[in-house]
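Close look at the chain arrangement
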Amino acid sequence: MNKRDFLLKSASASLALGLAQFAPFARAQAERGVRFVLPNATGSGVDAITRASQPAFSKAFGANVIVENKPGAGGVLGLQTLSKSAPDGTTLSLVSNNVVILPSVLKALPFNMETDFTPISTVGSTPLVIVVNPQKVSATNSKELIALLKAKPDTYNFASSGTGTILHLATEMYLEQAKVKARHIPYRGVGPMVTDLLGGQVEFGTLALPSVLQHIKSGALRAIGVGEPQRIAIAPDIPTLVEQGMPDYIVDAWFAIIGPKGMTPETSKRVHQAIVTAFNDPATKAAMDRQGNRIHIRTPEETAVYFKGELQKYAALVKAAGIEPQ
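Residues numbered from 1 in each chain as written. Predicted model: local features only at pLDDT ≥ 70, side-chain atom pairs only at ≥ 80, totals over all residues. Heavy atoms only, no water.

**Notes on helix α8 (residues 209–218)**
The test is simple: When accessible area is computed with a 1.4 Å probe and restricted to protein chains, residues below 20% of their type maximum are described as buried, those above 50% as exposed, and intermediate ones as partly exposed. For helices the rule is a DSSP run of H or I covering at least 4 residues; for strands it is a run of E covering at least 2, with both sets numbered from the N terminus onward. Contacts were defined at the residue level, with two residues in contact if any of their heavy atoms lie within 4.5 Å.
Listed as buried for α8 are L209, S211, V212, L213, H215 and I216. Buried positions along α8 lie against β4 (117–132), α7 (190–199), β7 (204–208) and β8 (222–226). One or two positions beyond α8, positive phi appears at G219, with a value near 90°.

Below is the structure:
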């Protein structure tokens, strides 16, 4: 066998081996499609991101993609479903940084966040905004809101999507840096939280900008400031809290895609490639721009390291906020 024939034969063998490794993944996709189990309710930032990218994911996977919202217990129910799924790449979750907060705020979990899941990729982040009900709160900026909270400590109520969620911690960070107090009212998800904010049952809260931008534009809610270093292109009229005298208030909600434990490196890489393809799709990129999201794809290896660092980071934040595990 000459050198050319040897190289061709070696290349063919490598291709055949690669196809053989991905064959089970492709068969599972064809038979069952791909299911995204979201530990968040409809209307949340994670939900908006997943549904905006759903058509591109269907193309990238070459299979039908189903989005299943499974909220409850601060995201535990959806994550528990994922943890019990087959590690064949057909059941995934798009999650927020709530998943790395859970171990610090709940005494008992039906899974281990570090060992029962496969980190596949961080995808990006979405800006957070502090909003008030304008019928209940006269403040139009951070200085005025702080003045109201100082004048009546523990009188105003702030909402969150659940104790220990990023939306809860983001407001606690604001209160701590402003040296003011307010009463926390936790809800079971973003939907009921926004409903009561609009209805005036609670006065203020922190939310992902995409989930409330329409209410800000209509005047039903008033934006106080975003937790970003610079203003957001889709909402340039909303000032940052940095420019309002809080230089250390920079916080956002990142989102990532994870699978159940036991996924092979080959399956993780195949899913990761689909993620890259889906978020490079022009329609998805336009949707992310409209929502104000920033895309930052990490490899599975980088994501695993990032998750470990974030678990430690939020454990420290929870302790600083004085939140007792429930």
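**Observations concerning the layout of surface pockets**
To keep things clear, this is the line we draw: Cavity: a set of points on a 1 Å grid over the protein atoms alone where a 1.4 Å probe fits but cannot get out. Pocket: an open set with protein on both sides within 12 Å along at least five of seven lines, its lining residues, like those of a cavity, having an atom within 4 Å of a point. Grid points are joined across faces, edges and corners, and a volume is the space filled by probe spheres set on the points. Basically, the charged four are Asp, Glu, Lys and Arg, the nonpolar ten are Ala, Val, Leu, Ile, Met, Phe, Trp, Tyr, Cys and Pro, and anything else, Gly included, counts as polar.
Here the largest pocket is characterised by a volume of approximately 260 Å³. If you go around the largest pocket, you meet 15 residues; those closest to its centre are A73, G74, L106, G162 and T163. When the residues that make up the lining of the largest pocket are grouped by side-chain class, the tally is six nonpolar, eight polar and one charged.

**Digging into the pattern of salt bridges**
The line we're drawing: The working definition used for a salt bridge is a side-chain nitrogen of Lys or Arg within 4 Å of a carboxyl oxygen of Asp or Glu.
Evaluation of the coordinates by the stated rule reveals seven salt bridges. When the shortest N-O distance is used, the salt bridge between R51 and D47 registers 2.8 Å. With a gap of four residues between them, R51 and D47 both fall in helix α2 (residues 45–61), about one helical turn apart. Looking at D47, the relative accessible area reads 5%, which means it is buried.

**Observations concerning the side chain of S83**
If you trace the backbone, S83 turns up in helix α3 (residues 76–83). With sequence-adjacent residues up to four places away left out, S83 is seen in contact with F111, D116, F117 and P260.

**Things to note about helix α10 (residues 282–291)**
For the record, the criterion: Relevant arc is that of directions from the helix axis to the C-beta atoms, nothing else. Whenever a nitrogen or oxygen atom comes within 3.5 Å of another N or O atom, the pair is scored as a polar contact, on the condition that within protein one atom can donate a hydrogen and the other can accept it, and that pairs from neighbouring residues in sequence are kept only if both atoms are in side chains.
Of the positions making up α10, those classed as buried are T284, A287, M288 and Q291. Around the axis of α10, the buried residues are gathered within 100° of arc, so they sit on the same side. Pointing more than 90 degrees away from the buried face of α10 are the exposed residues P282, D289 and R290. Elements that come into contact with the buried residues of α10 comprise α2, α8, α9 (265–280) and β10 (294–295). Measuring from the side-chain oxygen of the N-cap residue of α10 to the backbone nitrogen of A283 gives 3.0 Å; that N-cap residue is D281.

**Some remarks on the side chain of S211**
Inspection of the secondary structure assignment puts S211 in helix α8. Setting aside residues up to four positions removed in sequence, S211 forms contacts with G43 and V190.

**Some words on the packing of helix α4 (residues 98–105) against helix α11 (residues 300–320)**
Convention followed: Simply put, an axis is a line fit to the C-alpha atoms, just over the touching stretch for a helix, and the angle between two N-to-C directions goes from 0 to 180 degrees. These descriptions rest on fixed angle ranges, namely under 35 degrees for roughly parallel, over 145 for roughly antiparallel, 65 to 115 for roughly perpendicular, and the rest for oblique. Note on convention: the crossing is left-handed when the near helix lies turned anticlockwise from the far helix by less than a right angle, right-handed when the turn is clockwise.
Closest axis-to-axis distance for the α4/α11 pair is 8 Å, and the angle between their directions is 50°. Considering their axes alone, α4 and α11 lie oblique with respect to each other. Helix-helix and strand crossings are classified by hand; for α4 and α11 the assignment is right-handed. Judged by residue contacts, V99, V100, I101, P103, S104 and V105 of α4 engage F307, E310, L311, Y314, A315 and V318 from α11. Class assignment of the residues belonging to the contact of α4 with α11 gives a composition of 10 nonpolar, one polar and one charged.

**Thoughts on the packing of α2 against α10**
Across the interface, α2 lies against α10 with an axial gap of 9 Å and an inter-helix angle of 165°. One way to sum up the angle between α2 and α10 is to call them roughly antiparallel. Seen from above, α2 lies across α10 with right-handed handedness. Here A48, I49, A52, S53 and A56 of α2 come into contact with α10, specifically with T284, A287, M288 and Q291.

**Re the nonpolar core**
The following threshold applies: Here, nonpolar core means buried Ala, Val, Leu, Ile, Met, Phe, Trp, Tyr and Cys residues that are tied together by side-chain atoms lying within 4.5 Å of each other.
Ranked by internal contacts, the top residues of the largest apolar core, which has 68 residues, are L79, V129, L145, Y174, L207 and Y249. Here the element with the most residues in this core is helix α6 (residues 166–178); it accounts for eight residues. Within the second largest apolar cluster, 25 residues are counted, among which are V67, L92, V123 and M263.

**Considerations on empty space enclosed by the protein**
If a probe as big as a water molecule is rolled over the atoms, it shows which places are left empty. The full count for this structure, using the stated rule, is one cavity of 30 Å³ or more. A volume near 380 Å³ is recorded for the largest cavity. As for the largest cavity, its lining consists of 31 residues, of which N40, S96, N98, S161 and V190 are closest to the centre. Looking at the lining of the largest cavity, the elements with two or more residues in it are α2, β3 (91–96), α4, α6 and β9 (252–260). Partitioned by chemical class, the residues of the lining of the largest cavity number 17 nonpolar, 13 polar and one charged.

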